[in-house]
Amino acid sequence: MFSNVKSAPLRAVISVATLMLAVVLAGCGSGVSDSGNDAAAGLPPTVNLLSVRDETGVTAYAGLGAVRGSEVAIDEINSSGFLGETKLVMDRKDAAGTAQTAASLASEGIASGRYSAILGPILAVESRAIAPIAEKAKIPVVFTQSNSEGVLIGEFTFRATAPFPKYYDVMGERLKRQGVTSIGVLFDAQTASYVETATKVLPEWERKFGIRIVVSKEVQSNTQDFTAPISSLLAARPDAVAVYLLGAQHGTFMKQLRQAGFTGPVFSANGAGNGNLAGAGPDGVGVSWPTAFDPSSDEASTRSFVAAYQKMFPGKTPNIYEAEGYDAVWWIARALKEAGSADPVALQRGLVAVAATGFEGAQGVLRFEGNDLRATPKVVQWDGTAEVPAP
Amino acid sequence: MSGVLGANSVLVQAMLVNLLLALSLQIPLRSGVFSFAGLGSYGLGAYTAAIVVLRFDHPALLALAEGVLLSGLVGVLLARLLRRLNGLYLGMASIAYGGILAVVVANGGALTGGAEGLYGVVADLGLTEITVIVLLVVVAVALSERGRTGRAVAAVREDPELAAAMGVDVARVRFVVLVAGCMVGGLAGGINAIMLTNVAPTDFGFHLAVLGLTMIIVGGARTWLGALVGAAIFTWLPIALQALGDWRTVVYGCLVAAVAVWAPHGLIGLAGQAVRAVRRSASRRKPPGPGAGRAPTGAAEVDLLAGEGVGASVGRPM
Amino acid sequence: MAHDLLNLLVLWSVYLLFALGMSVVWGSIGVLNFAHGATFMFSAFTGHLISTRLDLGVVPTVLLCLLVGAGLAVVAHFLIVEPVLRATPNVAAAELRVLIASIGVAAVLLAIAQTATRSAPFGFAPVAVPLIEVAGVRISLIQLLIIALGLGVSLGVAVLMRTSRFGIALRGIGLDPETASLMGVDRTRLAAAVMGVAGALAGLAGALLTYHLGSIVPETGDLMVIKAFAAIVLGGLGNVYGVILGTFVLAVAETAVLTYTPGTWVDAVSFGLILLVLLVRPHGLLGRAEVRRT
């Protein structure tokens, strides 16, 4: 396009004009608000939700999981007539792993006026960028994961994930029963929830369960070579090892740990789930962790979620990201019913009301502390092919 | 209308920040100084602005100014330390500055928020203010591309010895462009931090270097217009290519490689070549006038990356 | 302690194999190939695809990676390096153009691997690795192989550079390209050959590291380039012994940081070394005293 244009000033004018045209077109394309102040009329025929999650990139496995869980919930809600004649519609946008994209998608969505609520991202950096935007625009946003400070900053920010440092003590009880008195810890120091666990939760175990941390090593999110820190860990001779990493790093770590000769128990957190230990083969068997979601649990609400999920995605077992995405939508649906309106401000009040009483969802019995979820943890372990309840 | 602007304001702001980032690399590069210190300065400016807003509640413009000032001071230090380095060595040393800074802030404890960074950086900075600031910077850069300054800068790039012989203070030019690049980089980082209300060590890693280089290579490394074109393309292209999903990065990589090999002066360069070709064929029809041999545009008609110019007309071997 | 030493030697050997290729190419045809890291990674990735499908053993997998590495490097050479070198008389400008183009190539390879693996770690088909115990230290045969290859190949390259016609020709074009071509050295063929050898070394390093760690991620390649650059600059460009020394210092420094500190300062080691060396002694510990480029 540019090669046809002759003079520099003209080129400059054209670039600026093109940009402005793009902006105008993008803006004019947006629809008319569905969720205006029609509180008097009750719920409109459709309620629109904006999903801003990572559908591509490193964390896509979690983002897509949340989207799938949300889809299961929406299908259930629409086909069961939970909201009467009203249908829920979810618009999917891909944050692609960057805070800037997430923020811009949220701003765009808010400005269009179409949405009653936002289903927020998984990554804390993205969520922290969206939170002030949503708060200022008074549109409720329900995050999942995003385990860190700076996400729940006000009345309009909600989280449908139980932060695991809050329920982690159940692991300490279990280890005490097994006779463990010393642990070595290796954690990704670039993930806030791991730092919190390693530096605040675990040190308390000495007082609570008589379990002492004898060595603690930090690694980075991109570490693949754990041989040096493992050497240090084993030199301190702990009874058990705690490991907190991202994704399939867990598999790589377990291979190297077992090869270095450690035979004791290993425990972790949610991040070890979702098949991330599969790469370790037999070396990954036996790793256990507490989780808010166990697909094999016999709680009625969990079973019904798993069944609905498997109807939509045959042959697959849902994981925690999907359970959270499901619960996030159901929270919103219950809030819509409670508020009797799709207006964002009324919806916010509805979300708070539902949180006050709690409800039963994919993750079992759900209670809330403020706008934050608290779940009942169960300990699971990896048996080489799936997560099973730990004996 | 404000709705429309609101919808895309984040992208427009992102484009302005990317433009500053591109300029921070281009200003030194135009003088043949391979300094990527603008990237480290981006991080320094971002963190400075975030810290003063969080701790001292400084207003946005003051926070930005502090970021720019600190980046400039560090730039002066770097310029002094690295003055004997050239080419690739200077490039890598200046990248190392950014790399070390990233590790330092990631381990900076409560001051820098550690690996998670700082959030809740709320200060009033509107699109109008950002546009005015960027406009001022662009005007300054554009002015420096014309007249005596422009020719001096180009001379330092092409043939430092010749430039020195002609009375240009080569060392001073190199010093000034390096520091200027740092200050513009610091400004970009500061604006971005306030815009996004948060900052993290991962914000200014290697991917920023690739983005910055990509913008000026594809747009054109010779002039500010190239930086603008590059910034516009790479801010809006991700949105346009959303359908491609994960394959976007493959497209970027191919684009960068292709442009570096076949169109090293970017889109602006291609356009310039087209202009020259048209003018040459037009002037063939007229009898040659006294000024026909001179370069038609204001900036020195030398090719930054291919190193032609004087050499090409002499036809050096190899 | 002995375990730490073993890990150190393995780390050093991998860095050495990788950096050697980069150093030889840079010192001879003057090209800093940023895609060297992507070559390293992508060879391992290709090895992953094929070895897991065909359940290959160690030797075939390593050979495969070696060949893929060489192939990638030669293709990159004819696609990128040759056109730029031919079109650009000015060496400094050519350097920049090739560097940028190689960044583009690296980005493409990285993106393909990331998309295919979703940035998850990838490894080879599992092999039963025999472990031997020497004086209470468990050593795996893979570790021994890595150390042996690291030492063997680097010494081999050192000898090659000094004594063989190939090596002398390479050093010739490194020092004075015009005279070398006047003396009948075919720069194009030589350049392609040296890129191929470097690519093979990168592929080899990639395969060995993947066996050692069990798996690597797509991003591992780009990190290696920065480290290799630090090692080469420290040791001094154009000198094989310099690379050996530089990679040794790097491996020691990194292992020390990982063992005695929390471990999050590791990346700063390479960057710090780069800055320090360039500020204090730009031609490195064993490099030629004359400045290579003005």
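Since the model is a prediction, treat every value here as computed from it, not as a measurement.

K.L.:
Before we move on, could you go through the overall build of chain A and cite the residues and values that matter?
P.N.:
On a plain count of helices and strands, chain A comes out with 13 helices and 15 strands. Counting all 391 residues of chain A, 57% fall into the buried class. Pairs at least 24 residues apart make up 68% of the contacts formed inside chain A by residues separated by at least 6 positions.

K.L.:
How would you explain the domain arrangement of chain A if you had to name every residue and give the values?
P.N.:
Looking at chain A, the domain boundaries give domain 1 (41-162 + 299-376) and domain 2 (165-291). Domain 1 of chain A puts ten residues into the contact, and the matching count from domain 2 of chain A is eight residues.

K.L.:
Describe the interface of chain C and chain A, with residues and values.
P.N.:
Of the residues lining the interface, 23 residues belong to chain C; the matching set on chain A comes to 26 residues. Listing elements by their share of the side of chain C that touches chain A, those giving two or more residues are helix 1 (2-29) and helix 10 (240-260) of chain C. The residue inventory of the side of chain C that touches chain A, partitioned by class, reads eight nonpolar, eleven polar and four charged.

K.L.:
If you had to explain the interface of chain B and chain C to someone new, which residues and values would you point to?
P.N.:
With 37 residues of chain B at the interface, the matching set in chain C holds 40 residues. Elements with a minimum of two residues in the side of chain B that touches chain C: helix 4 (87-106), helix 10 (206-219) and helix 12 (248-262) of chain B. With ten residues, the top contributor of residues to the side of chain B that touches chain C is helix 4 of chain B. Residue composition of the side of chain B that touches chain C, by class: 27 nonpolar, eight polar and two charged.

K.L.:
Give me unusual backbone geometry: which residues, what numbers.
P.N.:
All names here are of chain A. At K138, a residue that is not glycine, the phi angle is positive and equals roughly 55°. Taking the C-beta count within 10 Å as the criterion, K138 has 14 such neighbours and is therefore assigned partly exposed. The backbone of S146 sits at a positive phi, close to 50°, despite the residue not being glycine. Checked against the element boundaries, S146 lands in the loop between strand 4 (141-143) and strand 5 (157-159).

K.L.:
Give a detailed account of the packing of helix 2 (residues 37-56) of chain B against helix 4 of chain B, specifying residues and quantitative values.
P.N.:
Residue and element names in this part refer to chain B. Where helix 2 contacts helix 4, the two axes come as close as 6 Å, and the packing angle between them is 25°. Between helix 2 and helix 4, the interaxial angle falls into the category roughly parallel. Where helix 2 abuts helix 4, its residues A37, L39, G40, G43, L44 and Y47 lie against S94, Y97, G98, L101, A102 and V105. Partitioning the contact of helix 2 with helix 4 into residue classes produces eight nonpolar, four polar and no charged.

K.L.:
Could you give an account of the pairing of strand 10 (residues 288-291) of chain A, naming the residues involved and the relevant values?
P.N.:
Residue and element names in this part refer to chain A. Both faces of strand 10 are covered, namely the face carrying S288 and P290 and the face carrying W289 and T291. Where strand 10 lies against strand 14 (residues 378-382), four bridges are found, and the strand directions are antiparallel. Opposite W289, over in strand 14, you have V380 as the bridge partner.

K.L.:
Summarise helix 8 (residues 187-213) of chain C; cite the residues concerned and give the values.
P.N.:
Residues and elements named next belong to chain C. Helix length check: helix 8, at 27 residues, gives a terminal C-alpha distance of 38 Å against a target of 39 Å (1.5 Å per residue), a fit within 8%. Counted residue by residue, helix 8 has 21 buried out of 27 residues, so it is predominantly covered. Residue G214 follows helix 8 closely and has a positive phi angle near 95°.

K.L.:
Can you explain the nonpolar core? Please cite residues and give values.
P.N.:
Among the nonpolar cores identified, the biggest contains 333 residues, and B:L20, C:Y15, C:F18 and C:I274 are the most heavily contacted of them. Residue-level mapping places this core at the junction of two domains, with at least three residues from each of domain 1 (41-162 + 299-376) and domain 2 (165-291) of chain A. For C:Y15, the contacting residues outside a window of four places in its chain are C:K227, C:A228, C:A231, C:T247, C:L250 and C:A251.

K.L.:
Mind laying out the confidence of the model for chain A, listing which residues take part and the relevant values?
P.N.:
All names here are of chain A. Of the residues in chain A, 89% reach a pLDDT of 70 or more, and the chain-wide mean stands at 85. Per-element averaging of pLDDT across chain A places helix 1 (residues 8-28) at the bottom with 51 and strand 4 at the top with 96. In this model, residues 1-7 is a region of pLDDT below 50 whose contacts with residues beyond four sequence positions or in other chains number eleven contacts. Here residues 23-41 is a poorly scored stretch, pLDDT under 50, and it has 34 contacts once near neighbours within four places are set aside; other chains count.

K.L.:
Outline the environment of C:A192, listing residues and values.
P.N.:
Residues and elements named next belong to chain C. Assignment of secondary structure puts A192 in helix 8. In this structure A192 comes out as partly exposed when scored by C-beta crowding, with 19 C-beta atoms within 10 Å. For the pair A192 and H36, spaced 156 residues apart in the sequence, the C-alpha separation amounts to 14 Å. Beyond its immediate sequence surroundings of up to four residues, A192 is in contact with V74, H77 and F78.

K.L.:
Mind laying out the confidence of the model for chain B, listing which residues take part and the relevant values?
P.N.:
Residues and elements named next belong to chain B. Mean pLDDT for chain B: 81, with 87% of residues reaching 70 or above. When pLDDT is averaged over each helix and strand of chain B, the minimum, 31, is found for helix 14 (residues 310-314) and the maximum, 95, for helix 3 (residues 60-81). Segment residues 291-318: pLDDT under 50, and 47 contacts once partners within four positions in sequence are set aside and those in other chains are kept.

K.L.:
Hey, could you go over the packing of helix 9 (residues 220-235) of chain C against helix 11 (residues 266-280) of chain C for me, with residue numbers and the actual values?
P.N.:
Each pair of packed helices can be described by the angle between their axes along with the distance between the axes. Residue and element names in this part refer to chain C. At their nearest, the axes of helix 9 and helix 11 sit 9 Å apart, and the two run at 30° to each other. One way to sum up the angle between helix 9 and helix 11 is to call them roughly parallel. In this structure, helix 9 crosses over helix 11, and the sense of that crossing is left-handed. Note on element contacts: helix 11 touches helix 9 through S270, L273, I274, V277 and L278, opposite I226, K227, F229, A230, V233 and L234. The residue inventory of the contact of helix 9 with helix 11, partitioned by class, reads nine nonpolar, one polar and one charged.

Thresholds, definitions, all that
- Residues numbered from 1 in each chain as written.
- Chains lettered and ligands numbered in written order.
- Predicted model: local features only at pLDDT ≥ 70, side-chain atom pairs only at ≥ 80, totals over all residues.
- Helix = DSSP H or I, 4+ residues; strand = E, 2+ residues; numbered from the N terminus.
- Buried ≥ 20, exposed ≤ 12 C-beta atoms within 10 Å, placed from the backbone.
- Contact = placed C-beta atoms within 7 Å.
- Domains from an automatic or database assignment.
- Nonpolar A, V, L, I, M, F, W, Y, C, P; charged D, E, K, R; others polar.
- Axes fitted to C-alpha atoms, helices over the stretch in contact; angles between N-to-C directions.
- Parallel < 35°, antiparallel > 145°, perpendicular 65-115°, else oblique.
- Pairing = 2+ DSSP bridges.
- Expected span 1.5 Å × (residues − 1).
- Core = buried A, V, L, I, M, F, W, Y, C linked by C-beta atoms within 7 Å.
- pLDDT = per-residue confidence, 0-100.
- Left-handed = near helix turned anticlockwise from the far one by under 90°.

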